[in-house]
Amino acid sequence: MSTTIESPNYAYPARSKGRRGPNLEKAGWIFMRASGVVLVVLIFGHLAYNLLWTPGGIHAIDFGFVGGKLADPFWQWWDVTMLWLAILHGSNGMRTIVNDYVHKPAIRTVAIGAIGVAAAVLIILGTLITFTFDPCPTAADPALLPEFCASL
């Protein structure tokens, strides 16, 4: 009695040599590695500034600190870059998991579409909040606001 081991029927088999066009799976693989390296730099820079280089450390982080940080275009772009890369990196990872484990095409399509919609909504809302954040709201307690609000 011989046993035959059959390879599973993968939804996305290996790329054949005769196929033309862009290899999106390879691009996704490269993106994951590159975005992971950039995210490490962005996240550790974020943590170092907030926790090590700020006088008072974690106890200094309040509305005024965040308001002052988000009033600076450098930190706006730093945070938006970190946000975009984190969401795209995570979405691409979820897409890969769905491709690996969801074998019904209709369910796979719905799941990947839901991941895409969620990523788009989070990126749009996060970007909007970062660039439209008002660090000096008029009805706020002045003691909680950043120092530069007093001069406005």
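Heads up: these notes are all about the structure in this document. (Residues numbered from 1 in each chain as written. Predicted model: local features only at pLDDT ≥ 70, side-chain atom pairs only at ≥ 80, totals over all residues. Heavy atoms only, no water.)

## Regarding the side chain of K69
Within the fold, K69 resides in helix α2 (residues 63-70). For K69, which is buried and forms no salt bridge, the nearest opposite charge comes from D79, at a distance of 4.4 Å. Setting aside residues up to four positions removed in sequence, K69 forms contacts with H46, Y49, N50, W75 and D79. (Helix = DSSP H or I, 4+ residues; strand = E, 2+ residues; numbered from the N terminus. Buried < 20%, exposed > 50% of the residue type's maximum accessible area, 1.4 Å probe, protein only. Lys, Arg positive; Asp, Glu negative; His and termini not counted. Salt bridge = Lys/Arg side-chain N within 4 Å of Asp/Glu carboxyl O. Contact = heavy atoms within 4.5 Å.)

## Details of a nonpolar patch on the surface
Where nonpolar side chains cluster on the molecular surface, the patch consists of V40, I43, F44, L47, L51, L52, W53, I58, I61 and V66 and spans about 980 Å² of accessible area. The greatest single-element share of the nonpolar patch, amounting to six residues, is contributed by helix α1 (residues 24-52). Looking at the secondary structure, you find I58 in the loop between α1 and α2. (Patch = residues over 30% accessible without salt bridge, like charges linked within 9 Å, V, L, I, M, F, W, Y side chains within 5 Å. Areas by Shrake-Rupley, 256 points an atom, 1.4 Å probe, with all protein chains shown as cover.)

## Here we look at the pattern of salt bridges
This model, assessed by the stated rule, comprises one salt bridge. Here E25 makes a salt bridge to R95, at a shortest N to O gap of 3.0 Å. Residue E25 is found in helix α1, and its partner R95 is found in helix α3 (residues 73-101); the two are separated by 70 residues along the sequence. Since its relative accessible area comes to 40%, E25 is described here as partly exposed. Using a relative accessible area of 19% as the deciding quantity, one classes R95 as buried.

## Some thoughts on the state of the cysteines
Applying the stated rule across the entire model yields one disulfide. Bridging C136 to C149, the disulfide has an S-S length of 1.8 Å. Looking along the S-S bond of the C136-C149 disulfide, the torsion reads about -80°, which is the left-handed sense. Here C136 is found in the segment after α4 (105-132), whereas its partner C149 is found in the segment after α4, with 13 residues between them in sequence. Residue classification places C149 among the buried residues on the basis of a relative accessible area of 11%. (Disulfide = S-S within 2.5 Å.)

## Things to note about the nonpolar core
If you look at the biggest cluster of nonpolar residues, it comprises six residues: L39, L42, W75, W78, M82 and L85. Counting only elements with at least two residues in this core, the list comes to α1 and α3. The element best represented in this core is α3, accounting for four residues. (Core = buried A, V, L, I, M, F, W, Y, C linked by side-chain atoms within 4.5 Å.)

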